[in-house]
Amino acid sequence: MELPKNFLFELNNHIATVTLNRPKALNALNKDVMEELHDFFSNQLPQMGCKGVVLTGSGDRAFAAGADIKEFMTMDRIQMEAQSKLGHQLMFAIEKSPIPVVAAIEGYALGGGFELALACHLRVGSEKARMGNPEVNLGIIPGYGATQRLPQLVGRGRSLDIMMTARMIDANEALEWGLLNRIAPVGKTVSVAKEIITLIGTKGPMAITKVIETVDAYYDKNKDGFAEEVATFGSLSALDEFKEGTKAFVENRPVNFKNQDGI
Ligand code: DAK
């Protein structure tokens, strides 16, 4: 893979780490980084054979403090529409990734940055993480999916609270609400995210992919999630992965998943 220009990239022990790298602008999301992230999640990542991705921001102040407000001010209506489309494509590419994407949130995750974290499968926040949708302060609504993804995680009342008051919620409240999956000490979110991916990486890889797909079917108005579960259960049972998992259990030995079935 060609090294990305707009974010930092590392691949260690089959875990990819993607780091937003505009610390002076609190990692605000501009068009260039969003385009490159979209290409990475849609085209590069599926070829890499890794177990998962940690998505984080550089510096200790922010995961991402939002869409780049200064760049928005330079855009006309056509460019804003293109930006909106790109934002949605990026968030869907992350959400539908066949391998887990874990957000590691140090400091602020606001507006578009919060929406990026919401598109990830799991979120680890530091004790100093602060999250919210302050778009109404600017006279707009969230534009990269929070109106739809936040209610899935925390329900209608809490979503309206966050979006209408524009207040930032802290790590403890976020954990209690189910927005964060774990809280980590300051500076440790990436290592906790890697631990989670390492644990998930010991499971059947195709089963993990199908857990993501089948849970998401619940939120897809065009799908019957229960029917998807039945069909997926059946198709997984025909794979080598299931044979190895059950065989290891009855032989009382460690399981050895090799991703024989491919993702
Ligand atoms: N965009 C651009 N620059 C930003 C930024 C942002 N979102 N957030 C911070 N910065 C820059 C600041 O301008 C400052 O730059 P310099 O002045 O040093 O050049 C630098 O980062 C450090 O920020 P502060 O000096 O403000 O730092 P503080 O500690 O005082 O305050 C803060 C931290 C996070 C409370 C504050 O920076 C802040 O309130 N930032 C803005 C947060 C925000 O409102 N975020 C939401 C943005 S709206 C759409 C799709 C998506 C969206 C909209 C439309 N369409 C579909 C088209 C999404 C919108 C948003 O995300």
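Residues numbered from 1 in each chain as written. Predicted model: local features only at pLDDT ≥ 70, side-chain atom pairs only at ≥ 80, totals over all residues. Heavy atoms only, no water.

### Quick word on the site of the ligand
Worth spelling out the cut-off: Here a residue counts as near a molecule or strand whenever at least one of its heavy atoms sits within 4 Å of it. Method for areas: the Shrake-Rupley scheme with a 1.4 Å probe, in which residue coverage is limited to the protein chains shown. The helix and strand labels rest on DSSP assignments: H or I over at least four residues marks a helix, E over at least two residues marks a strand, and numbering proceeds from the N terminus. When residues are grouped by polarity, Ala, Val, Leu, Ile, Met, Phe, Trp, Tyr, Cys and Pro land in nonpolar, Asp, Glu, Lys and Arg in charged, and all others, Gly among them, in polar.
Contacts to the ligand come from 25 residues, most closely from Arg61, Ala65, Ala67, Lys70 and Gly112. About the coverage of the ligand: the protein hides 67% of its 1100 Å² of free accessible area. Of all elements in the fold, only α2 (69–72), α3 (77–95) and β6 (108–110) reach the threshold of two or more residues within the shell around the ligand. Counting residues per element, the shell around the ligand draws most heavily on α2, which supplies 3 residues. Taken together, the residues of the shell around the ligand break down into 15 nonpolar, 5 polar and 5 charged.

### A look at the pairing of strand β2 (residues 15–20)
Applicable threshold: Burial status follows relative accessibility: with a 1.4 Å probe on protein chains alone, a residue under 20% of its type maximum counts as buried, one over 50% as exposed, and anything between as partly exposed. The pairing criterion is simple: DSSP has to find at least two bridges between the two strands. Handedness of a crossover is defined as follows: with both strands directed away from the viewer, a clockwise route from the first strand across the helix to the second makes it right-handed.
In terms of burial, β2 is largely enclosed, as 6 of its 6 residues are buried. Taking every second residue as pointing to the same face, both faces of β2 are buried, with Ile15, Thr17 and Thr19 on one and Ala16, Val18 and Leu20 on the other. Where strand β1 (residues 7–12) and β2 come together, 6 bridges link them in antiparallel fashion. Within the sheet, the bridge partner assigned to asparagine 12 lies in β2 and is isoleucine 15. Between the end of β1 and the start of β2, which pair antiparallel, lie 2 residues, with asparagine 13 showing a positive phi angle near 50°. What joins β2 to strand β3 (residues 52–57) is helix α1 (residues 31–44), and the crossover it makes is right-handed.

### Observations concerning the packing of α1 against α3
This is how it is decided: Convention adopted: a line fitted to C-alpha atoms gives each axis, helices being fitted over their contacting stretch, and angles between N-to-C directions are expressed from 0 to 180 degrees. Working rule for handedness: look at the near helix, and if it is turned counterclockwise from the far one by less than a right angle, call the crossing left-handed; if clockwise, right-handed. The contact criterion used throughout is that any non-hydrogen atoms of two residues lie within 4.5 Å.
For the pair α1 and α3, interaxial distance at closest approach is 9 Å and the crossing angle is 35°. Handedness of the α1/α3 crossing: left-handed. Two secondary-structure elements touch here, α1 through Lys31, Met34, Glu35, Leu37, His38, Phe41 and Ser42 and α3 through Gln83, Leu86, Gly87, Gln89, Leu90, Ala93 and Ile94. Per-class residue counts for the contact of α1 with α3 are 7 nonpolar, 5 polar and 2 charged.

### Considerations on the sheet that holds β6
Ordered in space as β4-β6-β8-β9, the 4 strands form an open sheet in which the pairing is mixed. Strand pairing shows two members of the sheet lacking a second neighbour, β4 (62–64) and β9 (169–170), which therefore form its edges. Relative to strand β8 (residues 130–132), β6 runs parallel, the two being bridged by 3 bridges. In the sheet register, leucine 110 faces β8, and the bridge partner there is glycine 132. Contacts from helix α4 (residues 112–119) reach β4, β6 and β8 within the one sheet, and its direction differs from that of β6 by about 95°.

### Some remarks on the sheet that holds strand β10 (residues 182–184)
Two pairing modes exist for strands in a sheet, parallel and antiparallel, and in both the strands are linked by backbone hydrogen bonds. Pairing within the open sheet is mixed, and its 6 strands lie in the order β1-β2-β3-β5-β7-β10. At either margin of the open sheet sits one strand with a lone partner, and together these are β1 and β10. Ignoring which end each strand starts from, the neighbouring axes of this sheet average 20° apart. Note: strand β5 (residues 101–105) against strand β7 (residues 122–126), 4 bridges, orientation parallel. Counterpart to valine 102 in the pairing with β7 is leucine 122.

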